[in-house]
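# Structure assessment
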Amino acid sequence: PEAPVPIVSIHNQERRLGGAANVALNIKAMGATPILCAVIGDDDRKEDFIDLLTEENLSDIGILIDPSRLTTVKTRIISDRQQLLRVDEEIDNMLLPETEHSFNQQISDLLKTGNIDAVIFQDYDKGTLTPTLIRSVVKIARKSGIPVLADPKHRNFFEYEKVKLFKPNFREFIRGINVKIAKSDYGKIYDVVKTYLHTQQGIEIVMITL
């Protein structure tokens with residue numbers, strides 16, 4: 001006898017790139033050549049991840065391996081096209097200082113030598129994008145004339161000063177600014193964006209998805 005929970009027989013399993021790696025795939029689909037920068041663990045899932053990058057013809061030169069972290073895996077259990085459960089294996093603490101330094105240096109070297117046209121911060125609030133790392137990369141990119149685009153989360157909402165494009169969704173926006181605004185109140189949204197993001201943060205373009 002089992003507890004009153006769903007019991008699923010496995011018929012097939014698929015491995016897919018997710019998170020920022022999925023964004024890299026979207027960029028590639030639009031005709032650009034993405035260089036994914038991320039921190040993964042030195043574990044069994046590392047090989048799966050590198051294999052998937054290879055299958056998609058994505059470079060691994062921006063990937064840093066940190067034995068103290070896990071390679072993030074999200075397992076979705078689906079039956080009849082309905083998701084029943086998701087199981088997450090990850091570490092979302094901020095990077096250790098030595099890892100942060102190595103990752104920062106790795107990205108800096110790419111920016112200086114890699115013929116980079118743009119930088120995208122795809123922030124999933126998993127600890128890889130630290131405030132120090134964000135500020136350092138933005139500074140180097142701006143000095144090199146490279147536009148920076150950011151899709152933020154709450155923890156680092158005000159760390160993306162002077163980026164070219166800032167794209168929170170509405171929930172992230174009101175949580176980050178900590179203000180109550182109706183989704184339909186475009187005038188107030190505009191005023192708050194102008195005050196907090198354009199003026200105080202020096203952000204050139206703000207796009208809020210509703």
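The preceding data block contains the structure.
Now for a description of the structure that goes with this document. (Residues numbered from 1 in each chain as written. Predicted model: local features only at pLDDT ≥ 70, side-chain atom pairs only at ≥ 80, totals over all residues. Heavy atoms only, no water.)

## Regarding the packing of aromatic side chains
Defined as follows: Here the aromatic set is Phe, Tyr and Trp, taking the six-membered ring for Trp, and pairing holds for ring centres within 6.5 Å; pairs whose planes are under 30 degrees apart are stacked, those over 60 apart are edge-to-face, and all others are tilted. Accessibility here uses a 1.4 Å probe with only protein chains present; expressed as a share of the type maximum, an area under 20% marks a residue as buried, one over 50% as exposed, and anything in between as partly exposed.
Inspection of the entire model under this criterion finds five aromatic pairs. Geometrically, the ring pair formed by Phe157 and Phe158 is edge-to-face, given 5.3 Å between the ring centres and 80° between the ring planes. Residue class for Phe157 comes out buried when judged on its relative accessible area of 2%. For Phe158, a relative accessible area of 31% puts it in the partly exposed group. Members of the aromatic cluster, each reached through a chain of ring pairs, are Phe121, Phe157, Phe158, Tyr160 and Phe166.

## Describing the environment of Leu36
We apply this condition: Numbering of helices and strands runs from the N terminus, with a helix taken as a DSSP run of H or I at least four residues long and a strand as a DSSP run of E at least two residues long.
Here Leu36 shows up in the loop between helix 1 (20-29) and strand 1 (38-40). Assessed through its relative accessible area of 8%, Leu36 is described here as buried. Separated by 157 residues in the primary sequence, Leu36 and Val193 have C-alpha atoms spaced 30 Å apart.

## Digging into the pattern of salt bridges
To keep things clear, this is the line we draw: Each salt bridge in this description consists of a side-chain nitrogen of Lys or Arg and a carboxyl oxygen of Asp or Glu lying within 4 Å of one another.
Scanning the model with the defined rule gives 16 salt bridges in all. Between Glu55 and Arg15 there is a salt bridge; the shortest N-O distance is 3.6 Å. One end of the pair, Glu55, is in helix 2 (residues 44-55); the other, Arg15, is in the segment before helix 1, with 40 residues separating them in the sequence. What makes Glu55 exposed here is its relative accessible area of 54%. Salt-bridge contacts for Asp88 lead to Arg86; the nearest nitrogen and oxygen are separated by 2.8 Å. Within this structure, Lys74, Arg86, Asp88, Glu90 and Lys126 form a network of salt bridges that share partners.

## Re the pairing of strand 4 (residues 82-89)
In plain terms, the rule: In short, DSSP must find at least two bridges between two strands for them to pair.
When strand 3 (residues 73-79) meets strand 4, the two strands line up antiparallel, connected through seven bridges. Opposite Thr75, over in strand 4, you have Val87 as the bridge partner. Adjacent in sequence and paired antiparallel, strand 3 and strand 4 are bridged by two residues, among which Asp80 carries a positive phi angle near 50°.

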